[in-house]
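Examination of the molecular architecture
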Amino acid sequence: MPEDLSMQPAAPVTKWSAGSIRITSRTVTVGEISGRLGIPADQQFERDSLMSPRNPTSARRESSVWLRRSGLPDDSDLTDHVRVLVALVDGHREELASLSADCDLELRLGFGSENGQGGCVLPAPLLSEVGALGLDIVLDLYPPEPTTTDASA
């Protein structure tokens, strides 16, 4: 008799999400960005720095890059990443508006899952807060890794 699969619990799906604020500029240095915001970067690169520091012949960066991550674990909901990042810069609206004249301001969100499925709801009030901060939203979706088949089988 075949097993009744409808009564079996679904296997857990491995998924992850991440969030960060990324500010790039061809004219403003990362030191100036940190100073104006009063927030240190988690990762930063200056304009004209090597893309690969260990390779002196690598391309050079066209823009300075200031990056601040949410700090949440990757199993957190995407909405929580957004909330943490909005709270981080919420008291710095004037500084962000000033930076926007010479910088690109992005709320970068990433999502991936083992089976390619998943999603979240970003509530309208939260999206309004993101918009009021002048942040563009960049959503990076990562499809599942292709499964390899054994050619010898």
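Since the structure is predicted, the reported quantities are computational estimates derived from the model, not experimental observations.

Conventions and cut-offs
Residues numbered from 1 in each chain as written. Predicted model: local features only at pLDDT ≥ 70, side-chain atom pairs only at ≥ 80, totals over all residues. Heavy atoms only, no water. Axes fitted to C-alpha atoms, helices over the stretch in contact; angles between N-to-C directions. Helix = DSSP H or I, 4+ residues; strand = E, 2+ residues; numbered from the N terminus. Parallel < 35°, antiparallel > 145°, perpendicular 65-115°, else oblique. Left-handed = near helix turned anticlockwise from the far one by under 90°. Contact = heavy atoms within 4.5 Å. Nonpolar A, V, L, I, M, F, W, Y, C, P; charged D, E, K, R; others polar. Core = buried A, V, L, I, M, F, W, Y, C linked by side-chain atoms within 4.5 Å. Buried < 20%, exposed > 50% of the residue type's maximum accessible area, 1.4 Å probe, protein only. Salt bridge = Lys/Arg side-chain N within 4 Å of Asp/Glu carboxyl O. Pairing = 2+ DSSP bridges.

**Points about the packing of helix H2 (residues 78-89) against helix H4 (residues 124-132)**
Packing of H2 against H4 leaves a shortest axis separation of 11 Å and a crossing angle of 40 degrees. Between H2 and H4, the crossing angle belongs to the class labelled oblique. As H2 runs across H4, the sense of the crossing is left-handed. The segment H2 lies against H4, with Thr 79, Val 82, Arg 83 and Val 86 engaging Leu 126, Glu 129 and Val 130. A per-class count over the contact of H2 with H4 returns four nonpolar, one polar and two charged.

**Brief notes about the nonpolar core**
Residues Ile 21, Ile 23, Ile 33, Leu 37, Trp 66, Leu 99 and Leu 107 are the most contacted members of the largest nonpolar core, which totals 23 residues. Going through the elements one at a time, strand E1 (15-25), helix H1 (30-37), H2, helix H3 (93-99), strand E4 (104-113) and H4 are the ones with two or more residues in this core. Leaving out residues up to four positions away in the same chain, Leu 107 has contacts with Ser 20, Ile 21, Val 82, Leu 85, Val 130, Leu 135, Asp 136, Ile 137 and Val 138.

**Quick look at the pattern of salt bridges**
Summed over all chains, the structure comprises seven salt bridges. Its salt-bridge partner being Arg 108, residue Asp 140 comes within 3.2 Å of it at the nearest N-O pair. In this pair, Asp 140 is assigned in strand E5 (residues 136-142) and Arg 108 in strand E4, connecting sequence segments 32 residues apart. The class of Asp 140 is partly exposed, set by a relative accessible area of 25%. What you see here is one network of salt bridges that share partners, running through Arg 22, Glu 106, Arg 108 and Asp 140.

**Topic: the pairing of E1**
Pairing of E1 with E4, which is carried by ten bridges, proceeds in the antiparallel orientation. Bridge pairing links Arg 22 to Glu 106 in E4. In this structure, E1 lies alongside strand E3 (residues 64-69), joined through six bridges in antiparallel fashion. The residue bridging Ile 21 from the neighbouring strand is Arg 68, located in E3.

**Quick look at unusual backbone geometry**
Although it is not a glycine, Asp 48 adopts a positive phi angle of roughly 75 degrees. Locating Asp 48 in the fold gives a position in the loop between strand E2 (43-45) and E3. Judged by its relative accessible area of 44%, Asp 48 is partly exposed.

**Digging into the sheet that holds E2**
Across the sheet, which stays open at both edges, the five strands sit in the order E2-E3-E1-E4-E5 with mixed pairing between neighbours. Among the strands making up the open sheet, the edge pair consists of E2 and E5. The mean inter-strand angle of the sheet, taken between neighbouring strand axes irrespective of direction, is 20 degrees. Sheet topology places E2 next to E3; three bridges connect them, and they run antiparallel. Looking at the pairing, Gln 43 lines up with Leu 67 of E3. With respect to the sheet, H1 is in contact with E1, E2 and E3, its orientation differing from that of E3 by roughly 45 degrees.

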